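Understanding the architecture of this molecule
Read off the chains here:
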Amino acid sequence: MAKIEIKNLSKDFVANGIKTVHAVKNASLTVNDGEVVVIIGPSGSGKSTLLRSVNMLETPTSGQIFIDDIEVTDPKTDLRKVREEVGMVFQSFNLFPHLTVLDNITLAPRKVLKMDKASAEKLALELLEKVGLKDKAKSHPNQLSGGQQQRVAIARSLAMNPKAMLFDEPTSALDPEMIKEVLDVMLALAKDGTTMLLVTHEMGFARAAADKVVFMDSGEIIEEGSPEEMFTHPKSERTKSFLDHIL
Ligand code: ADP
Ligand code: MG
C-alpha cells in the first residue's frame with residue numbers, strides 16, 4: 001500500500017524576481033508502507049525541494065502528493081495536521097536550546113497530542129532508550145555532541161508517532177566519528193518497519209537499508225531501482241557518472 005505518493009510534481013522558484021529555476025520537474029515517486037526510499041543525486045538536483053514538498057514546506061507549482069490517500073496538495077487539507085503526522089529531520093538538529101532533552105521530546109506530544117506529563121515522559125524515556133541516550137534526559141542540547149543531538153532530534157520526531165519519516169542529509173553536518181551512531185539508529189528504524197524517505201550521501205546505508213534508490217539530476221528523477229540494480233547496474237549514463245564520482 002502506498003504511504004507517500006508523489007504524482008507529476010513540479011516546483012519552480014523565481015530567483016531575484018526574474019530567473020525561473022525548475023527545481024523539480026514532473027517527478028513521480030511512491031513510498032509504500034514500511035519502505036525505505038533513498039534519494040541520491042548531485043547538489044542542486046532538487047532532492048531537498050522534493051522532500052520538503054511532501055510535508056508542504058514547499059508549495060508545489062503543479063502535481064499532487066498523497067499521504068495515506070489524503071491529498072496534502074489539496075488547498076482544503078489542514079497542513080498543520082499533515083506536518084504533525086510526518087516527521088522531518090534536517091541536517092541541522094534544531095533542538096530547543098533552553099529545554100532539556102526530555103522536555104524537547106515531550107513538548108509536542110503534550111501541547112499537540114494533549115498527552116499528560118507522566119505518559120509523555122514515559123514515552124520520551126522509551127524513545128531515548130531506543131536511540132541510546134536514556135542517561136541524557138536531563139541534559140541540555142549544548143551538553144551533547146552533534147551525533148547525540150541528532151539522535152535526540154530523531155527521538156523527538158518519533159514521539160509524534162509519525163506516519164512516515166523524512167530525513168534530509170541527517171549526517172552531513174556531523175563529524176565522521178558520529179555518523180555511524182546516527183545511521184545505526186536510522187537502520188534500526190528501517191528494520192522496525194518505519195516508512196522513510198530520505199536524502200543521503202551515505203551509500204553504505206542505502207545499500208543496507210533501502211528498498212529503493214532514486215537518482216535525481218537537474219530536477220528530474222532519472223531512474224530508480226533496488227540498491228543492487230542502482231549501484232551495480234545503473235541504466236542511465238548520468239547515474240553511472242554520478243556514482244563513479246562518489247563511490
Ligand atoms: P538539492 O537538495 O538536491 O541540493 P535543492 O532542492 O536544494 O537541491 O535545490 C534545487 C534547485 O532549486 C537549485 O537550483 C536551488 O538553487 C534552487 N532553489 C532551492 N530553494 C530555492 C529557493 N527558496 N529559492 C530559489 N531557488 C531555490
Ligand atoms: Mg539538499
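As the structure is a prediction and not an experimental result, all values here were calculated from the model. (Residues numbered from 1 in each chain as written. Chains lettered and ligands numbered in written order. Predicted model: local features only at pLDDT ≥ 70, side-chain atom pairs only at ≥ 80, totals over all residues. Heavy atoms only, no water.)

**So, unusual backbone geometry**
Our working rule: Comment: elements are numbered from the N terminus, with helices defined as DSSP H or I runs of at least four residues and strands as E runs of at least two. The buried label goes to any residue with under 20% of its type's maximum accessible area, the exposed label to any with over 50%, and the partly exposed label to all in between, with areas taken from a 1.4 Å probe on protein chains only.
Not every positive phi belongs to a glycine, and Asn16 is a case in point at roughly 50 degrees. The topology assignment puts Asn16 in the loop between strand 1 (2–15) and strand 2 (19–32). Overall, the relative accessible area of 76% leaves Asn16 in the exposed class.

**Some remarks on the packing of aromatic side chains**
Quick reminder of the rule: Two rings belonging to Phe, Tyr or Trp (six-membered ring only in the last case) form a pair when the distance between their centres is within 6.5 Å. Interplanar angles under 30 degrees mark stacking, angles over 60 mark edge-to-face geometry, and anything in between is tilted. Any Lys NZ or Arg CZ that is within 6 Å of a ring centre and within 35 degrees of that ring's normal is treated as a charge sitting over the ring.
Considering all chains together, one arrives at one aromatic pair under this definition. Taking the centre distance of 5.2 Å and the plane angle of 35 degrees together, the rings of Phe215 and Phe242 count as tilted. With a gap of 27 residues between them, Phe215 in strand 9 (residues 212–217) and Phe242 in helix 9 (residues 237–246) connect regions that are remote in the sequence. Just as Phe215 is buried, Phe242 falls in that class too. Sitting over the face of the ring of Phe96, Arg156 holds its NZ or CZ atom 5.1 Å from the ring centroid.

**Brief notes about helix 3 (residues 101–111)**
Stated precisely, the cut-off is as follows: Contact criterion: two residues are considered in contact whenever any of their non-hydrogen atoms come within 4.5 Å of each other.
Buried residues of helix 3: Val101, Leu102, Asn104, Ile105, Thr106 and Pro109, and no others. Taken together, the buried residues of helix 3 touch helix 4 (117–130) and helix 5 (146–158).

**A look at the sheet that holds strand 1**
To keep things clear, this is the line we draw: Only strands joined by at least two bridges in the DSSP assignment are considered to pair. Only the stretch in contact is used when fitting a helix axis, every axis being a line fitted to C-alpha atoms; angles between N-to-C directions are given from 0 to 180 degrees.
Strand order in the open sheet formed by four strands is 2-1-4-5, and the pairing between neighbours is antiparallel. The open sheet terminates on both sides in strands that have one partner only, identified here as strand 2 and strand 5 (70–71). Across the face of the sheet, helix 1 (residues 47–54) comes into contact with strand 1, strand 2 and strand 4 (62–67) while running at roughly 120 degrees to strand 1.

**Some details on the pattern of salt bridges**
To keep things clear, this is the line we draw: The term salt bridge refers to a pairing of a side-chain nitrogen on Lys or Arg with a carboxyl oxygen on Asp or Glu at a separation within 4 Å.
One pass over the structure, following the stated rule, counts 18 salt bridges. Notably, a salt bridge pairs Asp33 with Lys3, separated by 4.0 Å at the nearest N-O pair. Here Asp33, found in the loop between strand 2 and strand 3 (36–40), pairs with Lys3, found in strand 1; they are 30 residues apart in sequence, far enough to count as distant. Put simply, Lys3, Asp33, Asp68, Lys81, Glu85 and Lys163 are held in one network by salt bridges that share partners.

**A look at the UniProt feature "domain: ABC transporter" (unreviewed entry) in the protein chain**
Note the following rule: UniProt positions are given in the numbering used here, feature names are shortened, and annotations may be inferred rather than shown by experiment.
Taking the UniProt record as the reference, the feature "domain: ABC transporter" (unreviewed entry) is found at residues 4–243. Secondary structure across residues 4–243 comprises 37% helix and 27% strand; the distance between its end C-alpha atoms is 26 Å.

**Some thoughts on the site of ligand 1**
Our working definition: Definition of nearness: a residue and a molecule or strand are near each other if at least one heavy atom of the residue lies within 4 Å of the molecule or strand. Identification of polar contacts relies on pairs of N or O atoms within 3.5 Å, with a donor-acceptor requirement for protein atoms, meaning one able to donate a hydrogen and the other able to accept it, and with residues adjacent in sequence counted only if both atoms are side-chain atoms. All accessible-area figures derive from a Shrake-Rupley calculation using a 1.4 Å probe, and residue coverage is judged against the displayed protein chains alone. Under the scheme applied, nonpolar residues are Ala, Val, Leu, Ile, Met, Phe, Trp, Tyr, Cys and Pro; charged residues are Asp, Glu, Lys and Arg; polar residues are all the others, including Gly.
As a structural note, the neighbourhood of ligand 1 is formed by Phe13, Val21, Ala23, Pro42, Ser43, Gly44, Ser45, Gly46, Lys47, Ser48 and Thr49. Within the contact set of ligand 1, an oxygen atom lies 2.7 Å away from a backbone nitrogen or oxygen of Gly44. Note that an oxygen atom of ligand 1 is positioned 3.1 Å from one of the backbone N or O atoms of Gly46. For ligand 1, the accessible surface in isolation is 560 Å², of which the surrounding protein chains cover 62%. For the shell around ligand 1, the secondary structure elements donating two or more residues are strand 2 and helix 1. Broken down by element, the residue count for the shell around ligand 1 peaks at three residues, all from helix 1. Across the shell around ligand 1, the residue classes tally to four nonpolar, six polar and one charged.

**Side note on the packing of helix 3 against helix 4**
What counts here: When describing relative orientation, an angle under 35 degrees is termed roughly parallel and one over 145 degrees roughly antiparallel, while 65 to 115 degrees is termed roughly perpendicular and anything else oblique. It is the rotation of the near helix from the far one that decides the hand of a crossing: anticlockwise by less than a right angle makes it left-handed, clockwise makes it right-handed.
Where helix 3 contacts helix 4, the two axes come as close as 9 Å, and the packing angle between them is 125 degrees. Considering the angle they form, helix 3 stands oblique to helix 4. The handedness of the crossing between helix 3 and helix 4 is right-handed. Judged by residue contacts, Val101, Leu102, Ile105, Thr106 and Arg110 of helix 3 engage Lys117, Ala120, Glu121, Ala124, Leu125 and Leu128 from helix 4.

**Section: the pairing of strand 8 (residues 196–199)**
For a regular strand, the rule is simple: side chains alternate between the two faces of the sheet. This is how the line gets drawn: With strands facing away from the observer, any crossover in which the path from the first strand over the helix to the second runs clockwise is taken as right-handed.
Burial of the side chains of strand 8 extends over both faces: Met196 and Leu198 are buried on one face and Leu197 and Val199 on the other. Where strand 3 and strand 8 come together, four bridges link them in parallel fashion. What sits directly across from Val38, in strand 8, is Leu198. Note that strand 7 (residues 164–168) and strand 8 share four bridges and pair parallel. Bridge pairing in strand 8 places Phe167 opposite Leu198. Handedness of the crossover is the feature at issue here: the chain leaves strand 7, passes through helix 6 (residues 176–191), returns alongside strand 8, and the resulting connection is right-handed.

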